[in-house]
Amino acid sequence: MFFILSKLLFFLLRPINWMLALLIWAWWTKDAQRRKRLIGFSILLYFFLCNHIIFNTVVRWWEPETIQLNAIQDTFDIAILLGGYSNFDIVPNQDRHNFNYRANRFTNT
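Here is a short report on the structure shown in this document. Note that the structure is a prediction, hence the values are computed from the model and not measured.

Cut-offs and rules
Residues numbered from 1 in each chain as written. Predicted model: local features only at pLDDT ≥ 70, side-chain atom pairs only at ≥ 80, totals over all residues. Heavy atoms only, no water. Helix = DSSP H or I, 4+ residues; strand = E, 2+ residues; numbered from the N terminus. Rg over C-alpha atoms; globule rule 2.2 N^0.38 Å. Buried < 20%, exposed > 50% of the residue type's maximum accessible area, 1.4 Å probe, protein only. Contact = heavy atoms within 4.5 Å. Areas by Shrake-Rupley, 256 points an atom, 1.4 Å probe, with all protein chains shown as cover. Lys, Arg positive; Asp, Glu negative; His and termini not counted. Charge placed at Lys NZ, Arg CZ, Asp CG, Glu CD. Phe/Tyr/Trp six-rings, centres within 6.5 Å; stacked < 30°, edge-to-face > 60°. 1 Å grid on protein atoms, 1.4 Å probe; cavity = no way out; pocket = protein on both sides within 12 Å on 5 of 7 lines; lining within 4 Å. Points joined across faces, edges and corners; volume = space filled by probe spheres on them. Nonpolar A, V, L, I, M, F, W, Y, C, P; charged D, E, K, R; others polar.

### Structural notes on the overall build of the protein
No. 1: Looking only at helices and strands, the protein has five helices and zero strands in total.
No. 2: Taken from the N to the C terminus, the helices and strands of the protein come in the order α-α-α-α-α.
No. 3: For the protein, whose C-alpha radius of gyration is 25 Å, the value lies well above the compact-globule estimate of 13 Å for 109 residues.
No. 4: For the protein, the spread of C-alpha atoms along the principal axes amounts to about 70 × 40 × 30 Å.
No. 5: Scored against the burial criterion, the 109 residues of the protein give a buried share of 11%.
No. 6: Summarising the internal contacts of the protein: among those between residues at least 6 apart in sequence, 13% fall at separations of at least 24.
No. 7: When the accessible surface of the protein is totalled, it reaches about 10700 Å², and 66% of it is carbon and sulfur.
No. 8: Each charge class in the protein can be summarised by its mean position, and for the 11 positive and 7 negative side chains these summaries are 24 Å apart.

### Let's talk about the packing of aromatic side chains
No. 1: All chains considered together, the criterion is met by two aromatic pairs.
No. 2: Centroid distance Tyr-46 to Phe-47: 5.3 Å. Interplanar angle 70 degrees. Geometry classified as edge-to-face.
No. 3: Relative accessible area serves as the criterion here: at 42%, Tyr-46 is assigned to the partly exposed category.
No. 4: Given the relative accessible area of 56%, Phe-47 is considered exposed.

### Regarding the side chain of Ser-42
No. 1: Looking at the element boundaries, Ser-42 is found in helix H3 (residues 32-49).
No. 2: According to the relative accessible area criterion, Ser-42 is buried, its value standing at 4%.
No. 3: Beyond its immediate sequence surroundings of up to four residues, Ser-42 is in contact with Met-19, Leu-22 and Leu-23.

### Side note on the layout of surface pockets
Gaps left between atoms are located by rolling a probe of water-molecule size over the structure's atoms.
No. 1: Considered as a void within the structure, the largest pocket measures approximately 160 Å³ in volume.
No. 2: Surrounding the largest pocket, Pro-15, Phe-48, Leu-49, Asn-51, Ile-54 and Phe-55 form its lining.
No. 3: Elements represented by at least two residues in the lining of the largest pocket include exactly H3 and helix H4 (52-62).
No. 4: Partitioning the lining of the largest pocket into residue classes produces five nonpolar, one polar and no charged.

Rendered as structure tokens:
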């Protein structure tokens, strides 16, 4: 049930579907004034929702404040190192771990 609900909500929350629905409604309506409003609102939605400046501004509201390295006063015993330094395409890969060009993150840590 959750799978179906997640796919349905993903479909309903996408802005392109709302713009397409407005354009289909404008195509089917008989009232010329309503048609102009629906097409105009669809174009307004397109320019508002596809604007990278507006998108980046909204995304910045959600991001937490970054902590600079010199602002950290406490000492910690552990750290989290994210991956991205393994290379599984090098042969032989069964008896050893192969690194790629980003391995300096792992070796420096």
